Amino acid sequence: MFWCYLFPILLASLFFFAFNNLYSAEDFETIPIAYDSGGAEADAFKEVLSLAKVSNDKLMFDITYCDKAKAKQLLADGDIEAYIVGSENPVLYIKENEMNETMTKAFLDNYKQMSGTVHTILKENPNAINEGLMDDVMNYDEFVEEVKNEKKPDQTLTFFYALLAYTCIFAANWGLDEVINIQADLSGRGARMSVSPINKIKLFLCDLMAALTAHMGSLIILFIYMYYIIKVDFGNNLWYLLLICVLGSLCGLTLGGTVGIWVKKKAEVKEAILTLI
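In this numbering scheme, every chain counts its residues from 1 along its sequence in written order. Given that this is a predicted model, residues contribute local features only at a pLDDT of at least 70 and side-chain atom pairs are listed and counted only at 80 or more, while totals for whole chains, interfaces and linings are drawn from all residues. Just so you know, side-chain values use all the structure's heavy atoms and leave hydrogens and water out.

Draft legend 1. Main features of the environment of Phe-204. Locating Phe-204 in the fold gives a position in helix α9 (residues 200–229). For the pair Phe-204 and Glu-178, spaced 26 residues apart in sequence, the C-alpha to C-alpha distance is 7.2 Å. What Phe-204 contacts, discounting residues up to four positions off in sequence, is Glu-178, Val-179 and Ile-182. Secondary structure is summarised from DSSP: a helix means a run of H or I of at least four residues, a strand means a run of E of at least two, and numbering begins at the N terminus for each. Contact criterion: two residues are considered in contact whenever any of their non-hydrogen atoms come within 4.5 Å of each other.

Here it is in structure tokens:
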């Protein structure tokens, strides 16, 4: 009962707290770094760093300009996340390998790749700048057409859909239990049913329908919790989603029943094989 009713709700709550506002630029904190230009008067990377933004009104980096010795001290004191020594090949120094450091390194790697591409082209064609090289380098071709609508895509919905599918798979345990409970050599209930005048097929189908109803109850409770309590936006086609949940529950019951019928072993072996599947 816990794994079918309470565990999915617990996972949904964890997903909500983990992914809430994950892609919100307002929650991004500007990364404090230091930069040593090495005394160079013209430093293209220095200008790129100062202009980098995560949104129209929020800079990506809070830069302290100093020499390498001062930057090293600031890093050791925890006042900055990283420092960069500028040159033709800028070098990044970090103290820990966390999110901000990874983002800074990705930014630097992207700059190096872009800069290397430009230098290679200019060696082959010095007039490339006049021919629109920079426009071509900064132009990113899109091969997917974006359809504009009122809602923005939410990548975290994948996890909540996966949770619904995961809950549907739990129906396999219900299907396996119903098969075990009707076999006289595997359970006491099955032994009692074998001597009763009731048709076993009818009784088995009734048990499966009861299991399906109980399992669908867990899915409905989970759906109500996600849609109305933690406000997961599943869109407008909710009836299709509920239909898929019913089909998923039926598939789960069928999977468990199939394992229970085909595997001619003890109940514990059947459960172990179902768990592996």
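Next comes the rest of the write-up.
Draft legend 2. Here's a closer look at a nonpolar patch on the surface. Excluding any residue in a salt bridge, patches collect residues exceeding 30% relative accessible area, merging like charges within 9 Å and nonpolar Val, Leu, Ile, Met, Phe, Trp and Tyr side chains within 5 Å. Areas reported as accessible are Shrake-Rupley estimates using a 1.4 Å probe. Residue values count occlusion only from the protein chains shown. Within this document, salt bridges are pairs made up of a side-chain nitrogen of Lys or Arg and a carboxyl oxygen of Asp or Glu, the two lying within 4 Å of each other. A surface patch of nonpolar side chains, about 530 Å² in accessible area, is lined by Phe-2, Trp-3, Leu-6, Leu-10 and Leu-14. Turning to its location among the elements, Leu-14 is positioned in helix α1 (residues 2–19).

Draft legend 3. Structural context of the pairing of strand β6 (residues 91–94). Any two strands between which DSSP finds at least two bridges are classified as paired. Looking at chain direction, strand β5 (residues 82–85) and β6 are connected through four bridges and run antiparallel. In the sheet register, Tyr-83 faces β6, and the bridge partner there is Tyr-93. Between β5 and β6, which follow one another and run antiparallel, lie five residues.

Draft legend 4. Quick look at the nonpolar core. The term nonpolar core refers to a set of buried residues drawn from Ala, Val, Leu, Ile, Met, Phe, Trp, Tyr and Cys, joined through side-chain atoms within 4.5 Å. Think of it in three bands: residues with accessible area under 20% of the maximum for their type are buried, residues over 50% are exposed, and the middle band is partly exposed, with areas taken using a 1.4 Å probe on protein chains only. In this structure, Leu-164, Met-226 and Phe-234 are the most contacted members of the largest nonpolar core, which totals 28 residues. Elements supplying a minimum of two residues to this core: α1, α6 (157–169), α9 and α10 (238–262). Beyond its immediate sequence surroundings of up to four residues, Met-226 is in contact with Ala-12, Phe-160, Leu-163, Leu-164, Lys-231, Val-232 and Phe-234.

Draft legend 5. Local environment of the sheet that holds strand β1 (residues 31–36). One open sheet holds the four strands; their spatial order is β4-β1-β5-β6, and the pairing between them is mixed. The open sheet has two edge strands, β4 (61–65) and β6, and neither has a second partner. Between one strand and the next, the sheet's axes are offset by a mean angle of 25 degrees, whatever the strand orientation. Across the face of the sheet, helix α2 (residues 44–51) comes into contact with β1, β4 and β5 while running at roughly 140 degrees to β4. All axes are obtained by fitting lines to C-alpha atoms, using only the stretch in contact for helices, and the reported angles, taken between N-to-C directions, cover 0 to 180 degrees.

Draft legend 6. Highlighting α1. Here a helix's expected span is defined as the number of its residues, less one, multiplied by 1.5 Å. Taking 1.5 Å as the rise per residue, α1 with 18 residues should run 26 Å; its terminal C-alpha atoms sit 24 Å apart, in good agreement. Along α1, the residues that are buried comprise Cys-4, Tyr-5, Phe-7, Pro-8, Ile-9, Leu-11, Ala-12, Ser-13, Phe-15 and Phe-19. Structurally, α1 contributes buried residues whose contacts are with α6, α7 (171–182) and α9.

Draft legend 7. Spatial organisation of the packing of aromatic side chains. To pair, rings of Phe, Tyr and Trp, with the six-membered ring standing in for Trp, must have centres within 6.5 Å; the planes then decide the type, stacked if under 30 degrees apart, edge-to-face if over 60, and tilted in the middle. The full count for this structure, using the stated rule, is 17 aromatic pairs. Ring centres of Tyr-83 and Tyr-93 lie 4.8 Å apart, and the angle between their planes is 15 degrees; on these two criteria the pair is classed as stacked. Here the residue Tyr-83 occupies a position in strand β5, and Tyr-93 occupies one in strand β6, the gap between them amounting to ten residues. We classify Tyr-93 as partly exposed; its relative accessible area is 29%. Cluster of aromatic residues (ring-pair linked, three or more members): Tyr-35, Phe-45, Phe-61, Tyr-65, Phe-107 and Tyr-111. Comment: the charge-over-ring label is applied if NZ (Lys) or CZ (Arg) is within 6 Å of the ring centre and within 35 degrees of the ring normal. In this structure, Lys-46 is placed above the aromatic ring of Tyr-65, and the distance from its NZ or CZ to the ring centre is 4.8 Å.

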